[in-house]
Amino acid sequence: LDSLNEKDPIVMSIIRGELQRQREHLELIASENFTSLAVLEAQGSILTNKYAEGLPYKRYYGGCEWVDKVEQIAIDRAKKIFGASHVNVQPHSGAQANFAVFLSLLNPGDKIMGMDLCHGGHLTHGSPVNFSGKWFQTCHYGVEMHNEQLNYDAILKLAQSEKPKLLICGYSAYPRTIDFEKFRIIADKVGAYLMADISHIAGLVASGHHSNPLPYCDVVTTTTHKTLRGPRGGLIMTNNIDLGKKFDKAVFPGTQGGPLEHVIAAKAVAFKEALDSDFKIYSGKVINNAKSLAEQLKKRDFRLVSDGTDNHLILIDTRSIRMSGKEADNLISTINITANKNTIPFDPESPFVTSGIRLGSPAMTTRGLGTEEFIEIGNIIADRLLNPEDEAVKQNCFHRVKTLCNKFPLYPDLNV
Ligand code: PLP
């Protein structure tokens, strides 16, 4: 077989370019991470060739004896990590996992209640531009204006007046812990199913640094590629075996065809890593690093949404430096820092402009940076954003980013 380089040098050169970009930038996108080489190897394997509609040992295709094994291992490891009695590892992504859950539990026109997108919710939790907002009635809760945190009494009141069939907790941009038990009480009071989408915090849940929603929720969905540090993909988990069977059917044949067994193998590898004691240490560092970055930004007079963080992410209110999120994001990108502009609660700006940037610690913690380096990152960001017109400061910041990247090389053994 020809190598990629011989067969398609153009694609190869793009992959090389992206590797170089990843190596030379500080990756602060809260939803990104760097998988291990073992995960990459499994995902790049010949398992991609295999069709395997159905579930392990109950397939519609022949020749599944090896992929059955790998999918079963992925299921068993995910069950162990999250304490779930039923897991489906086939969703191609977090959005696909949520789609399958909705197909199982709801009929078009039923009402769902999740966090407002502008307050940190996800598109699949009822945004009008997503299937979840097009096919279902929606109502949204947000955070409180005074502390930018969840108010469970207010959520209960809204749930009592709206009577959703499905209540969703779990977010894309919420820097504080979630009390799943309180959500269970609310769901029970209004007779709603409770779903936690732990896409962002799955690694923190896996390592015990955030409480586990499984004991309280009818269903838990997640992506596998954020704090969990696996390949891109989704999972559906439950302790209700009858619902579990429904979710299986909603994934296939409900919303997907053949599972991606190469990705499932990579999920299995990532789950093995997540069960290792090193992962607990890693996740603890993710939180400590985010806290150090938050404290440093505050020292430099940046206002943070909810005044800090309990998890892996931080939201800067860029109005505190008289800038839009878009401007701030553009400025830090000039010194090789990658983040994303993000709406903040009660944001007066459009989602394209925004008044915030979201920063996260998972990826750079994987590269080995510790609290000292995250304090330096806080200073670099502050120096750049507080001196937007100063070319000498820009050059200095660029150099300091380069120094950090060189000190903590990414995939040093990977030659492509
Ligand atoms: N749910 C939440 C809370 C997310 O933050 C995301 C992704 O950002 C998703 C679902 C969707 O995941 P994916 O991009 O894999 O479809």
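Fair warning: this is a prediction, and the values are worked out from it, not measured in the lab.

The rules behind these values
Residues numbered from 1 in each chain as written. Predicted model: local features only at pLDDT ≥ 70, side-chain atom pairs only at ≥ 80, totals over all residues. Helix = DSSP H or I, 4+ residues; strand = E, 2+ residues; numbered from the N terminus. Buried ≥ 20, exposed ≤ 12 C-beta atoms within 10 Å, placed from the backbone. Pairing = 2+ DSSP bridges. Contact = placed C-beta atoms within 7 Å. Axes fitted to C-alpha atoms, helices over the stretch in contact; angles between N-to-C directions. Near = placed C-beta within 6 Å. Nonpolar A, V, L, I, M, F, W, Y, C, P; charged D, E, K, R; others polar. UniProt positions renumbered as here; feature names shortened; annotations may be inferred. Left-handed = near helix turned anticlockwise from the far one by under 90°. Core = buried A, V, L, I, M, F, W, Y, C linked by C-beta atoms within 7 Å.

Colleague: Let's hear about the overall build of the protein chain: which residues, and what values?
Modeller: Assigned secondary structure in the protein chain consists of 16 helices and 15 strands. Reported as C-alpha extents along the three principal axes, the dimensions of the protein chain are approximately 65 × 65 × 35 Å. Looking at the protein chain as a whole, 49% of its 416 residues are labelled buried.

Colleague: Give me the sheet that holds strand S11 (residues 303–304): which residues, what numbers.
Modeller: Sheets are built from strands paired through backbone hydrogen bonds, the pairs being either parallel or antiparallel. Read across the open sheet, the four strands follow the order S11-S12-S15-S14; overall the sheet is antiparallel. A strand with exactly one partner marks an edge of an open sheet, and here the two such strands are S11 and strand S14 (340–341). In this fold helix H12 (residues 277–299) packs onto S11, strand S12 (313–317) and strand S15 (356–360), with an angle of close to 15° to the strand it touches most, S12.

Colleague: Quick one: what's the story with the site of the ligand, residue by residue and with numbers?
Modeller: Taken together, the neighbourhood of the ligand is formed by 14 residues, with Ser-93, Gly-94, Ala-95, Ser-172 and Ser-199 sitting nearest. Class assignment for the residues of the shell around the ligand results in two nonpolar, 11 polar and one charged.

Colleague: Give me the environment of Phe-408: which residues, what numbers.
Modeller: Secondary-structure assignment places Phe-408 in the segment after helix H16 (391–407). Along the chain, Phe-408 and Ser-85 lie 323 residues apart, while their C-alpha atoms are 39 Å from each other. Residues within four places of Phe-408 in sequence aside, it is in contact with Arg-367, Gly-368 and Leu-369.

Colleague: Account for the UniProt feature "site: Plays an important role in substrate specificity" (unreviewed entry) in the protein chain, naming residues and giving values.
Modeller: Per the UniProt record, "site: Plays an important role in substrate specificity" (unreviewed entry) is annotated on His-225. Position of His-225 relative to the elements: it lies in the loop between strand S9 (219–223) and strand S10 (234–238). Overall, the presence of 25 C-beta atoms within 10 Å leaves His-225 in the buried class. In this structure His-225 touches Asn-33, Gly-230, Pro-231, Arg-232 and Gly-233, once residues within four positions along its chain are discounted.

Colleague: Can you lay out the packing of H12 against helix H15 (residues 371–386) for me, pointing to particular residues and giving the numbers?
Modeller: Between H12 and H15, the shortest axis-to-axis distance is 8 Å and the interhelical angle comes to 35°. Viewed along their axes, H12 and H15 form a crossing whose handedness is right-handed. The residues of H15 that touch H12, namely those facing Asn-288, Asn-289, Ser-292, Leu-293, Gln-296 and Leu-297, are Thr-371, Phe-374, Ile-375, Ile-377, Gly-378, Asn-379, Ile-381 and Ala-382. Split by residue class, the contact of H12 with H15 holds seven nonpolar, seven polar and no charged.

Colleague: So what's going on with the pairing of strand S5 (residues 111–115)? Residues and values would help.
Modeller: Of all the five residues making up S5, four are buried; the element is thus mostly covered by neighbouring parts of the structure. Bridge analysis of S5 against strand S7 (residues 166–169) gives two bridges, and the strand direction is parallel. Each residue of the ladder has a partner; that of Met-113, found in S7, is Leu-167.

Colleague: Run through unusual backbone geometry, naming residues and quoting values.
Modeller: If a residue is not glycine, its phi is most likely negative; likewise, a peptide bond is most likely trans. For the bond running from Phe-252 to Pro-253, omega is 10°, close enough to zero to count as cis. Following the sequence through the fold, Pro-253 ends up in helix H10 (residues 241–255). Unlike most non-glycine residues, Glu-148 shows phi in positive territory, near 55°. If you trace the backbone, Glu-148 turns up in the loop between strand S6 (137–141) and helix H7 (152–162). Phi at Arg-322 takes a positive value of approximately 55°, unusual for a residue other than glycine. As for its placement among the helices and strands, Arg-322 is situated in the loop between S12 and helix H13 (325–333).

Colleague: I'd like to hear about the environment of Ala-74, residue by residue, with values.
Modeller: Relative to the assigned elements, Ala-74 resides in helix H4 (residues 65–82). C-alpha of Ala-74 to C-alpha of Val-269: the two residues are 195 residues apart in sequence and 7.8 Å apart in space. Apart from the residues within four sequence positions on either side, Ala-74 is in contact with Val-89, Ile-264, Lys-267, Ala-268 and Phe-271.

Colleague: I'd like a rundown of the UniProt feature "domain: Serine hydroxymethyltransferase-like" (unreviewed entry) in the protein chain, residues and numbers included.
Modeller: Residues annotated by UniProt as "domain: Serine hydroxymethyltransferase-like" (unreviewed entry) correspond here to residues 4–381. Regarding residues 4–381, the helix share stands at 44% and the strand share at 14%, and the terminal C-alpha atoms are separated by 38 Å.

Colleague: Hey, could you go over the nonpolar core for me, with residue numbers and the actual values?
Modeller: In this structure, Ala-78 and Leu-167 are the most contacted members of the largest nonpolar core, which totals 110 residues. Among the elements that line this core, the one with the most residues is helix H11 (residues 261–275), at nine residues. Dropping the residues within four chain positions of it, Leu-167 is found in contact with Met-113, Ala-159, Phe-183, Ile-186, Ala-187, Ala-192 and Leu-194.

Colleague: Quick one: what's the story with the pairing of S15, residue by residue and with numbers?
Modeller: Remember that side chains alternate between the two faces of the sheet whenever the strand is regular. With five of five residues buried, S15 lies mostly within the body of the structure. Neither face of S15 is open: one carries Gly-356, Arg-358 and Gly-360, the other Ile-357 and Leu-359, and all of them are buried. Across five bridges, S12 lies against S15 in antiparallel orientation. Across the sheet, Leu-315 pairs through a bridge with Arg-358, a residue of S15. Summarising the sheet, S14 and S15 pair through two bridges and their orientation is antiparallel. Note that in S15 the partner of Asn-340 across the bridge is Arg-358.

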